[in-house]
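These are the residues of each chain, in order.
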Amino acid sequence: MTPIRTRQARAIAVAIVAGSLALTGCSDNNKSNTKDTSKSKDDAAAQSKPVAYGDVKASTGPAEEVTGAKPGGTINVYMQSDMSHMDPGQIYVSDAGQFANLIHRGLTNYQEDDKGNLTVVGDIATDSGKSSDGGKTWTYTLKDGVKDDKGNVITSADVRHTVERLYSKVIFDGPTYLQNWLSGSDYRKALPDGPYKGKHLPDTVLETPDAKTVVFHFDKPRPDLPQALAMAGYGIVPAKRDTKEGYDKAPASLGPYKISDYKSGKSLTLVKNDQWDPKTDSVRHQYVNGYNFTTTIDQASQTKRLIADQGDAKNAIQFTDSVDPAQLSTVIGNAAAKKRTIQGYQPYVWQMSFNLDRMKDKKVRDAIAYALPSQAMVQADGGRYGGEVAGGLMAPTLPGFDPKYDPFGKLKKPNGDPAKAKELLKEAGVKEGTKLTYAYSNSPRGQAQMVIVKDALNKIGFNIQAKEIDRASFYEQIGKLANPYDLYMTGWGQDWSSPSTVITPVYDGTQVADGASNYSHIKDPEVDALIQKALTEQPTEAAKTWEKAHHLIVEKVNPAAPVYYSKQIQLFGSNIGGARYSTESSYIDINDLFLKQP
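Fair warning: this is a prediction, and the values are worked out from it, not measured in the lab.

## Brief notes about the overall build of the chain
Piece 1. The number of helices and strands found in the chain is 17 helices and 20 strands.
Piece 2. Seen through its principal axes, the chain has C-alpha atoms that stretch 65 × 60 × 45 Å.
Piece 3. Going through the 598 residues of the chain one by one, you find that 61% of them count as buried.
Piece 4. The long-range fraction of contacts in the chain, counting pairs at least 24 apart against all pairs at least 6 apart in sequence, stands at 77%.
Piece 5. In the structure as shown, the chain presents an accessible area of about 22,400 Å², 50% of it carried by carbon and sulfur atoms.
Piece 6. Charge-centre separation for the chain: the mean point of 72 positive side chains lies 3 Å from the mean point of 70 negative side chains.

The following block contains the structure:
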């Protein structure tokens, strides 16, 4: 989310956008380059290979060297706003997820080859995990030589502490898969104070028989555990370093870099962590001396600086922002600039989420779904390089995606059906001028969406009250159950390649809580029953059940109107080496970067 709610993708595949974008502009050598190079279905299919689970050999460092890599220098990072979180337990948004790979480490992580193939490997663990008892028990052995930036050796007690602190009120954001799997949807009741008052989860749930061993015990098979543990939200927090709420501003580091200076809302400086041992890490590198983050540069300024490619911009990257849509034609039409882009598919579906506690009439929700001009949203976000009109709430990045599913007729009428919308509002007895409160992020994307939404919904008879929320806290604010908003645009992408990581966190009625990702507060018994059924089924049968649940959500309940699927295009400076699109993060691959001339 903008930062898009991460929902980091693990296997990515998206269909080509239906719209077009007029391309103009000349390159530095006066040769225009307006050929359409936005990604196609064939490109998408190549990114959708299954994820493998790695053994001890695959998990043993150091990481494979990047061709041509040189040590030294500092990379400049351009961002529009501050990090949403730096405490790993709170990380569930894309900017923080990208940042996490520089300083945090978990039990597992993703290793990505030069073709974008993903393997789950042991990060601080020796492998991706050993399952027994039909997949109900998972055992991890910790690597030797893993320390935090103060030299403290990481033990199983730190892993236990990391898991147990997620149960406390200190953590109000972040993923909840592991907690739910271990202790149910009311997991906080199992350990309300976390580990902070000396209490712990029983060994029947989480066992640490010695300093090197961690054993998870579940009540049912959890084959996706290695992928769940690879999420940034399960990064290790050393028990000795935990400062509770304060940890979000000054976290310890286990990764190749550590924080040396942080000015909230302005800048962040990372330097080498001299306690990081590359022999323990098969994923990351430590080529550059550090990273200088500036968190005050808007998207337009980022793009302008990187197109010009002068001075410090030569050593700069966009972190999780994209090329400014207004300057995209210049980038695509400029051969030199275009060479300095990475492109790929993101797992996100932009959707208009309805607060069901306030918007209880389905006809009204359906009317808004019909009225929304999806193609205008795509155009505002980069046209064919930015996205594609969405028919449903399941992205083309997921297995079993149905490109023909389109209950609101968006493929035939991509800019909406105002007549149908007005008809439904008349049936619902909605009066002209009815006020609706629309919350939006103060990011360029959020502001552009607001103008389009306000215009479209005012035209069908509403009086839209637009309320701006700071980008860094947007999802935190709309994640409050008692939020005062009727509707808000959200972006969601799978945490790994399974519909379970979309439908469960976003549409499961047991996930209605402060800080949870069920932004619409949907609680539908039929949907919930299908979710529970799918979670116990083998993949082939589960796929059918997830599809049924998806159709039920969109057609019977409509808690969120599909708007568009998201693509990515980012710029980087001419002195940046190792730049490529990451299938895992859906941004520039932060693990392989170096400076060509340090």
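## Digging into the packing of aromatic side chains
Piece 1. Summed over the entire model, instances satisfying the criterion amount to 19 aromatic pairs.
Piece 2. Seen in terms of ring centroids, Tyr 140 and Phe 216 are 6.2 Å apart; in terms of plane orientation they differ by 80°. Their pairing is edge-to-face. You can see Tyr 140 sitting in strand β6 (residues 137–141) and its partner Phe 216 sitting in strand β8 (residues 213–217), a full 76 residues away along the chain.
Piece 3. You can call Tyr 140 buried: its relative accessible area is 0%.
Piece 4. Ring plane angle 55° and centroid distance 5.7 Å describe the contact between Tyr 475 and Tyr 519, whose orientation is recorded as tilted. Of the two residues, Tyr 475 sits in helix α14 (residues 474–478) while Tyr 519 sits in the loop between α15 (500–507) and α16 (525–535), which places them 44 residues apart along the sequence. No difference in accessibility class separates Tyr 475 from Tyr 519, as the two residues are buried.

## Remarks on the layout of surface pockets
Piece 1. If you add up the space inside the second largest pocket, you get close to 740 Å³.
Piece 2. At 5 residues, the largest contribution of residues to the lining of the second largest pocket is made by strand β3 (residues 108–112).

## Some details on the pattern of salt bridges
Piece 1. Enumeration over the complete set of coordinates arrives at 27 salt bridges.
Piece 2. For Arg 105, the salt bridge goes to Asp 281, with nearest N and O atoms at 3.7 Å. Residue Arg 105 is found in the loop between α3 (94–103) and β3, and its partner Asp 281 is found in the loop between β10 (267–272) and β11 (290–294); the two are separated by 176 residues along the sequence. An identical accessibility class is assigned to Arg 105 and Asp 281; each is buried.
Piece 3. With a shortest N-O distance of 3.2 Å, Arg 241 and Asp 148 are connected by a salt bridge. Linking Arg 241 in the loop between α6 (225–229) and β9 (257–263) with Asp 148 in the loop between β6 and α4 (156–165), this pair joins segments that are 93 residues apart in sequence. Each of the two residues, Arg 241 as well as Asp 148, counts as buried.
Piece 4. Within this structure, Arg 105, Asp 123, Asp 281 and Arg 284 form a network of salt bridges that share partners.

## Comments concerning the sheet that holds strand β1 (residues 52–53)
Piece 1. A sheet is described by the order of its strands in space; here 3 strands give the open sequence β1-β4-β3, paired in mixed fashion. The outermost strands of the open sheet, each flanked by one partner alone, are β1 and β3.
Piece 2. Direction of pairing for β3 relative to strand β4 (residues 118–122): antiparallel, over a ladder of 5 bridges. Counterpart to Asn 109 in the pairing with β4 is Val 121.

## Overview of the packing of α16 against helix α17 (residues 539–557)
Piece 1. Contact pair α16 / α17: the axes reach a minimum separation of 9 Å and the direction vectors enclose 165°. It follows that α16 is roughly antiparallel to α17 by the angle criterion. Relative to α17, the crossing made by α16 is left-handed. Mapping the contact onto sequence places Glu 526, Val 527, Leu 530, Ile 531, Lys 533, Ala 534 and Leu 535 in α16 and Ala 542, Thr 545, Trp 546, Lys 548, Ala 549, Leu 552, Ile 553 and Lys 556 in α17.

## Structural notes on the pairing of strand β17 (residues 487–493)
Piece 1. A large share of β17 lies buried, amounting to 7 of its 7 residues.
Piece 2. Here β17 shows two buried faces, one formed by Leu 487, Met 489, Gly 491 and Gly 493 and the other by Tyr 488, Thr 490 and Trp 492.
Piece 3. With 7 bridges connecting them, strand β13 (residues 341–354) and β17 associate as antiparallel partners. Looking across to β17, one finds that Ser 353 is bridged to Tyr 488.
Piece 4. With 2 bridges joining them, strand β15 (residues 434–441) and β17 adopt parallel strand pairing. Within β17, the position partnered with Tyr 438 by the bridge is Leu 487.

## Section: the packing of α15 against α17
Between two packed helices, the angle of one axis relative to the other and the distance separating the axes together describe the packing.
Piece 1. Viewed as axis vectors pointing N to C, α15 and α17 meet at an angle of 40°, and their least axial separation amounts to 11 Å. Taken together, the axis directions place α15 and α17 in an arrangement best described as oblique. Between α15 and α17 the crossing geometry is left-handed. Seen from α15, the contacting residues are Ser 500, Ile 503, Thr 504 and Tyr 507; seen from α17, they are Trp 546, Ala 549, His 550 and Ile 553.
Piece 2. Grouping the constituent residues of the contact of α15 with α17 by class yields 5 nonpolar, 3 polar and no charged.

## Considering the environment of Pro 347
Piece 1. Within the fold, Pro 347 resides in strand β13.
Piece 2. We classify Pro 347 as buried; its relative accessible area is 1%.
Piece 3. Separated by 145 residues in sequence, Pro 347 and Trp 492 place their C-alpha atoms 7.4 Å apart.

## Looking at helix α13 (residues 444–459)
Piece 1. In this model α13 runs 23 Å from its N-terminal to its C-terminal C-alpha over 16 residues, within 8% of the 22 Å that 1.5 Å per residue would give.
Piece 2. Gly 461, located one to two residues past α13, shows a positive phi value of around 115°.

## Observations concerning unusual backbone geometry
Piece 1. Of note, the amide linkage connecting Gly 61 to Pro 62 takes the cis form, showing an omega dihedral of 0°.
Piece 2. Within the secondary structure, Pro 62 sits in the loop between α2 (56–59) and β2 (74–78).
Piece 3. For Lys 244, which is not glycine, the phi dihedral falls at a positive 55°.
Piece 4. Position of Lys 244 among the secondary structure elements: in the loop between α6 and β9.
Piece 5. On the basis of relative accessible area, Lys 244 is assigned to the partly exposed category, the value being 36%.

Conventions and cut-offs
- Residues numbered from 1 in each chain as written.
- Predicted model: local features only at pLDDT ≥ 70, side-chain atom pairs only at ≥ 80, totals over all residues.
- Heavy atoms only, no water.
- Helix = DSSP H or I, 4+ residues; strand = E, 2+ residues; numbered from the N terminus.
- Buried < 20%, exposed > 50% of the residue type's maximum accessible area, 1.4 Å probe, protein only.
- Contact = heavy atoms within 4.5 Å.
- Areas by Shrake-Rupley, 256 points an atom, 1.4 Å probe, with all protein chains shown as cover.
- Lys, Arg positive; Asp, Glu negative; His and termini not counted.
- Charge placed at Lys NZ, Arg CZ, Asp CG, Glu CD.
- Phe/Tyr/Trp six-rings, centres within 6.5 Å; stacked < 30°, edge-to-face > 60°.
- 1 Å grid on protein atoms, 1.4 Å probe; cavity = no way out; pocket = protein on both sides within 12 Å on 5 of 7 lines; lining within 4 Å.
- Points joined across faces, edges and corners; volume = space filled by probe spheres on them.
- Salt bridge = Lys/Arg side-chain N within 4 Å of Asp/Glu carboxyl O.
- Pairing = 2+ DSSP bridges.
- Axes fitted to C-alpha atoms, helices over the stretch in contact; angles between N-to-C directions.
- Parallel < 35°, antiparallel > 145°, perpendicular 65-115°, else oblique.
- Left-handed = near helix turned anticlockwise from the far one by under 90°.
- Nonpolar A, V, L, I, M, F, W, Y, C, P; charged D, E, K, R; others polar.
- Expected span 1.5 Å × (residues − 1).

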